[in-house]
Amino acid sequence: MGTVIVVVILAAACVFGVYSYVKKLRKGGGCCGEHEETVKKVRVADRDKSHYPYRAVVRIEGMTCSNCASRVQNALNAMEGTWAEVDLGDRRAALRLKQPPDEAAIRKTVNALGYTVLSVRAEE
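Sequence order as written defines residue numbering, which begins from 1 separately in each chain. Only residues with pLDDT of 70 or above have their local features reported here, since the model is predicted, and side-chain atom pairs are shown and tallied only from 80 upward, although totals for entire chains, interfaces and linings are computed over all residues. Processing note: side-chain calculations cover all non-hydrogen atoms of the structure and skip hydrogens and water entirely.

1. Section: a nonpolar patch on the surface
Reasoning step 1: Judged by side-chain polarity, Met1, Ile5 and Ile9 come together as a nonpolar surface patch covering roughly 370 Å² of accessible area.
Reasoning step 2: Secondary structure elements follow DSSP: runs of H or I no shorter than four residues count as helices, runs of E no shorter than two count as strands, and numbering proceeds from the N terminus. Summarising the element assignment, isoleucine 9 is placed in helix α1 (residues 2–27). Patch membership needs two things, relative accessible area over 30% and no salt bridge, and members are linked within 9 Å if like-charged or within 5 Å if nonpolar (Val, Leu, Ile, Met, Phe, Trp, Tyr). Note on areas: these come from Shrake-Rupley sampling with a 1.4 Å probe, and a residue is covered only by the protein chains present in the view. By convention in these notes, a salt bridge is any Lys or Arg side-chain nitrogen within 4 Å of a carboxyl oxygen on Asp or Glu.

Here it is, written out as structure tokens:
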């Protein structure tokens, strides 16, 4: 009888563990908070590449998941005249800009999120 009780308790623990894991996966999670919703990417309104004559590459340290990359991309896209695409694997953001890059503003925006800008390189 004692064995049956132990088996039932272990089975209940396994079911609860699997349920918790599946619930976590559905919420989005990630390293930035397992109970957060997945951050949705915000698209820029002006998607005409000819309106963005300037380009820059920003190297960023501290991004560890897709939520991190989405946060950085959304913040950069919120800057006036900026269209950002963040690559988590390369830890960089490729920027299209309507004005020459303002390195101080870019650094301030990314640093405010808790990430570190290693470099801002303007491209011709």
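Next, the rest of the story.
2. Focus: the sheet that holds strand β2 (residues 82–87)
Reasoning step 1: At least two bridges found by DSSP between two strands is the condition for calling them paired. One open sheet accounts for four strands, arranged β2-β3-β1-β4; its pairing is antiparallel. Looking along the sheet, the strands with just one partner apiece sit at the ends: β2 and β4 (116–123). On average, adjacent strands in this sheet sit at an angle of 20° to one another, irrespective of strand direction.
Reasoning step 2: Direction of pairing for strand β1 (residues 54–61) relative to β4: antiparallel, over a ladder of seven bridges. Paired with arginine 55 across the two strands is glutamate 123, which belongs to β4.
Reasoning step 3: Contacts are assigned to residue pairs that have any heavy atoms within 4.5 Å of one another. In this analysis an axis means a line fitted to C-alpha atoms, helices contributing only their contacting stretch, and an angle means the value between N-to-C directions, from 0 to 180 degrees. The strands that helix α2 (residues 66–77) touches are β1, β2 and β3 (92–97); relative to β2, the one it contacts most, it runs at about 165°.

3. What about the layout of surface pockets?
To find the voids left in a structure, one rolls a probe of water-molecule size over its atoms.
Reasoning step 1: A volume near 150 Å³ is recorded for the largest pocket.
Reasoning step 2: A 1.4 Å probe that fits into a set of points on a 1 Å grid over the protein atoms alone but cannot get out defines a cavity; an open set with protein on both sides within 12 Å along at least five of seven lines defines a pocket, and lining residues are those with an atom within 4 Å of a point. Lining the largest pocket, in full, are Met79, Glu80, Gly81, Thr82, Leu97, Lys98, Gln99, Pro100, Pro101, Asp102 and Ile106.
Reasoning step 3: All amino acids are sorted into three groups, where Ala, Val, Leu, Ile, Met, Phe, Trp, Tyr, Cys and Pro are nonpolar, Asp, Glu, Lys and Arg are charged, and the leftover types, Gly among them, are polar. Tallied by class, residues from the lining of the largest pocket come to five nonpolar, three polar and three charged. Grid points are joined across faces, edges and corners, and a volume is the space filled by probe spheres set on the points.

4. Structural notes on the side chain of threonine 82
Reasoning step 1: Of note, threonine 82 is situated in strand β2.
Reasoning step 2: Those residues in contact with threonine 82, other than ones at most four positions away along the chain, are Val44, Tyr52, Leu76, Asn77, Leu95, Arg96 and Leu97.

5. Some thoughts on the pattern of salt bridges
Reasoning step 1: Taken as a whole, this structure holds five salt bridges when the rule is applied.
Reasoning step 2: Its salt-bridge partner being aspartate 90, residue arginine 92 comes within 3.7 Å of it at the nearest N-O pair.
Reasoning step 3: In the salt-bridge network here, residues are joined through shared partners; they are Arg55, Arg121 and Glu123.

6. Regarding the pairing of β1
Reasoning step 1: As defined by bridge partners, β1 adjoins β3 across six bridges and the pair is classed as antiparallel. Across the sheet, arginine 55 pairs through a bridge with arginine 96, a residue of β3.

7. Focus: the nonpolar core
Reasoning step 1: Here, the term nonpolar core denotes a set of buried Ala, Val, Leu, Ile, Met, Phe, Trp, Tyr and Cys residues that are joined through side-chain atoms within 4.5 Å. Partly exposed describes any residue whose relative accessible area lies between the buried limit of under 20% and the exposed limit of over 50%, with all areas from a 1.4 Å probe on protein chains only and scaled to the type maximum. Counting residues in hydrophobic clusters, the biggest one holds 20 residues, and the most contacted among them are Val58, Ile60, Met63, Val72, Leu76 and Leu95.
Reasoning step 2: At the level of secondary structure, the elements contributing two or more residues to this core comprise β1, α2, β2, β3, α3 (103–112) and β4.
Reasoning step 3: Among residues more than four places away in sequence, those in contact with valine 58 are Arg91, Arg92, Ala93, Leu95, Ile106, Val117, Ser119 and Val120.

8. Quick look at the packing of aromatic side chains
Reasoning step 1: For this analysis, a ring pair means two rings from Phe, Tyr or Trp (six-membered ring only for Trp) whose centres lie within 6.5 Å, classed as stacked if their planes differ by under 30 degrees, edge-to-face if by over 60, and tilted for the remaining angles. Evaluated as defined, the whole model comprises one aromatic pair.
Reasoning step 2: Between the NZ or CZ atom of arginine 96 and the centre of the ring of tryptophan 83, over which it lies, the distance is 5.7 Å.
Reasoning step 3: Taking NZ or CZ as reference, lysine 98 lies 5.3 Å from the ring centre of tyrosine 52, over its face. Should the NZ of a Lys or the CZ of an Arg lie within 6 Å of a ring centre and within 35 degrees of the ring normal, that charge is described as sitting over the ring.

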